[in-house]
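What follows is each chain in one-letter form.
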Amino acid sequence: MFEFQFSYFVRERFVDSSPESIFPLITAFENNFLPSYADEVSPNGVRKVIRMVGINDFDNIAVLFSSEVININMLYRDVRPSKEQVIAKLDFIVSALSKIKSNTKAWRIASVVTSIEKATQSYNSKMYSKYLSDGASDVCFEWNVRQAKKTQINSEILNIVTSLSRGPVMNSANPTESFDAVVVQLDVNTAPENASERFEVSNGLAAQLVDMAVENIDIVLA
């Protein structure tokens with residue numbers, strides 16, 4: 001199972017949760033997404049935010065309008081998509097967002113790619129030995145490794161965070177169940193030290209972050 005997530009961090013709510021916001025969203029997403037509500041927990045309590053859920057060709061894709069973040073989530077349970085397919089879906093979504101509010105800029109963006117594989121003895125041993133050298137993969141039924149480094153694209157400083165872990169993962173098809181899995185996650189994000197609002201809500205730099213995340217996760221999974 002593969003999951004792709006894109007986050008645009010903004011200073012103000014991109015879309016409020018009023019009923020008047022629903023129809024413009026449906027129109028902008030060309031009836032390929034249906035509106036719903038989700039709970040957002042904050043220091044001020046719990047409030048409703050809008051979540052657009054994809055249908056047909058956009059099945060298992062959702063856009064969540066949190067207070068200060070636009071989260072785009074793509075879940076692929078059976079077949080890993082190509083980068084081109086992921087970017088095409090992102091293209092459609094950011095185009096829809098530009099129809100809603102064209103002048104919003106984000107101060108930070110992130111692209112996260114996650115691989116979730118059912119744990120087998122051979123796969124667990126292979127992934128465990130990439131970062132841990134004690135030879136205890138058969139003994140450790142849960143483990144977690146995290147590595148972070150910095151790189152640069154033009155003037156932007158990026159964080160590249162690699163996480164590997166083994167443990168119980170909730171079954172998305174049945175939330176009451178869990179299964180033993182090895183999770184590999186690559187998070188590529190712009191450094192938070194630069195807080196200026198400088199990113200268009202587009203696939204420009206986000207597409208480059210996807211390339212980096214996929215390239216790095218392929219190295220880990222190889």
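Our structure's up above, just so we're on the same page.
Numbering of residues starts from 1 in each chain and follows the order in which that chain's sequence is written. Reporting of local features is limited, given that this is a predicted model, to residues whose pLDDT is at least 70; pairs of side-chain atoms are given and counted only at 80 or more, and all residues count toward the totals for whole chains, interfaces and linings. Values reported for side chains reflect all heavy atoms of the structure, with hydrogen atoms and water molecules removed beforehand.

Details of the packing of aromatic side chains
Selection criterion: Note on aromatic contacts: the rings of Phe and Tyr and the six-membered ring of Trp form a pair at centre separations within 6.5 Å, being stacked when their planes are under 30 degrees apart, edge-to-face when over 60 apart, and tilted otherwise. Strands here are runs of E lasting at least two residues and helices are runs of H or I lasting at least four, both read from the DSSP assignment and numbered beginning at the N terminus. Buried means the residue's accessible area, taken with a 1.4 Å probe over protein chains only, is under 20% of the maximum for its type, while exposed means over 50%, and partly exposed covers the values in between. In this analysis the charged atom, NZ for Lys or CZ for Arg, is taken to sit over a ring once it is within 6 Å of the ring centre and within 35 degrees of the ring normal.
The tally for this structure, following the rule as stated, stands at seven aromatic pairs. With a centroid separation of 6.1 Å and 90 degrees between ring planes, the pair formed by F4 and Y76 is classed as edge-to-face. You can see F4 sitting in strand β1 (residues 2-9) and its partner Y76 sitting in strand β5 (residues 69-76), a full 72 residues away along the chain. In this structure, F4 and Y76 share a single accessibility class: buried. The positively charged end of K89 is found above the aromatic ring belonging to F58, 5.5 Å away from the centroid. One Lys or Arg, K101, reaches over the ring of F14 and ends 5.5 Å from the middle of that ring.

Structural notes on the nonpolar core
What counts, and what does not: Joining through side-chain atoms within 4.5 Å is the link that ties buried Ala, Val, Leu, Ile, Met, Phe, Trp, Tyr and Cys residues into a set, and such a set is a nonpolar core. In what follows, residue pairs with any heavy atoms lying within 4.5 Å of each other are defined as contacts.
Judged by nonpolar contacts, the single largest core of 61 residues is most densely connected at Y8, F29, F65, M74 and I93. Here this core gets eleven residues from one element, more than from any other, and that element is helix α4 (residues 204-221). The residues touching F29, leaving out its near neighbours within four places in the chain, are M52, V63, F65, F92, I93, A96, L97 and I100.

Remarks on the pairing of strand β4 (residues 61-65)
Test applied: For two strands to count as paired, DSSP must find a minimum of two bridges between them.
The buried fraction of β4 is high, at four of five residues. The pairing of strand β3 (residues 45-54) with β4 spans three bridges and is antiparallel. By the bridge assignment, V53 is partnered in β4 with A62. In textbook terms, the turn of a hairpin is the stretch between consecutive antiparallel strands, and for β3 and β4 this stretch comprises six residues, one of which, N56, has a positive phi near 55 degrees. Summarising the sheet, β4 and β5 pair through five bridges and their orientation is antiparallel. Bridge pairing in β5 links A62 to N73. Linking two consecutive strands that pair antiparallel, namely β4 and β5, is a turn of three residues.

Quick word on the sheet that holds β5
Convention followed: Comment: axis = line fitted to C-alpha atoms, over the contacting stretch for helices; angle = value between 0 and 180 degrees taken between N-to-C directions.
The antiparallel open sheet is built from nine strands, whose spatial order is β2-β3-β4-β5-β1-β7-β10-β9-β8. Single-partner strands in this sheet number two, and they are β2 (33-42) and β8 (143-153). Each adjacent strand pair in this sheet contributes to an overall mean axis angle of 20 degrees, direction not counted. In terms of strand pairing, β1 meets β5 through eight bridges, oriented antiparallel. Among the inter-strand pairings, Q5 is bridged to a residue of β5, identified as N73.

Considerations on helix α3 (residues 121-131)
Because the α-helix completes a turn every 3.6 residues, residues three or four places apart line up on one side. Our working definition: Directions drawn from the helix axis to the C-beta atoms are what define this arc.
Along α3, the positions that sit buried rather than exposed are Y123, N124, M127 and Y128. The buried residues of α3 occupy an angular sector of 125 degrees when projected down its axis, which confines them to one face. Facing away from the buried side of α3 by more than 90 degrees, the exposed set consists of Q121 and S122. Close packing links the buried residues of α3 with β7 (108-118), β8, β9 (156-171), β10 (174-190) and α4.

A closer look at the packing of α3 against α4
Our working definition: Note that the term roughly parallel is reserved for angles under 35 degrees, roughly antiparallel for angles over 145, roughly perpendicular for angles of 65 to 115, and oblique for everything else.
At a minimum axis separation of 10 Å, α3 and α4 run at an interaxial angle of 110 degrees. In terms of orientation, α3 lies roughly perpendicular with respect to α4. For the pair α3 and α4, contact is made by Y123, K126, M127, K130 and Y131 and by I219, V220 and L221, respectively.

Description of the environment of V15
Among the structural elements, V15 can be located in the loop between β1 and α1 (22-28). Look at V15 and you get buried, because its relative accessible area is 5%. Linking V15 and S67, residues 52 residues apart in sequence, is a C-alpha distance of 8.4 Å. Those residues in contact with V15 that lie beyond four places of it in its chain are S21, L25, I50, F65 and I100.

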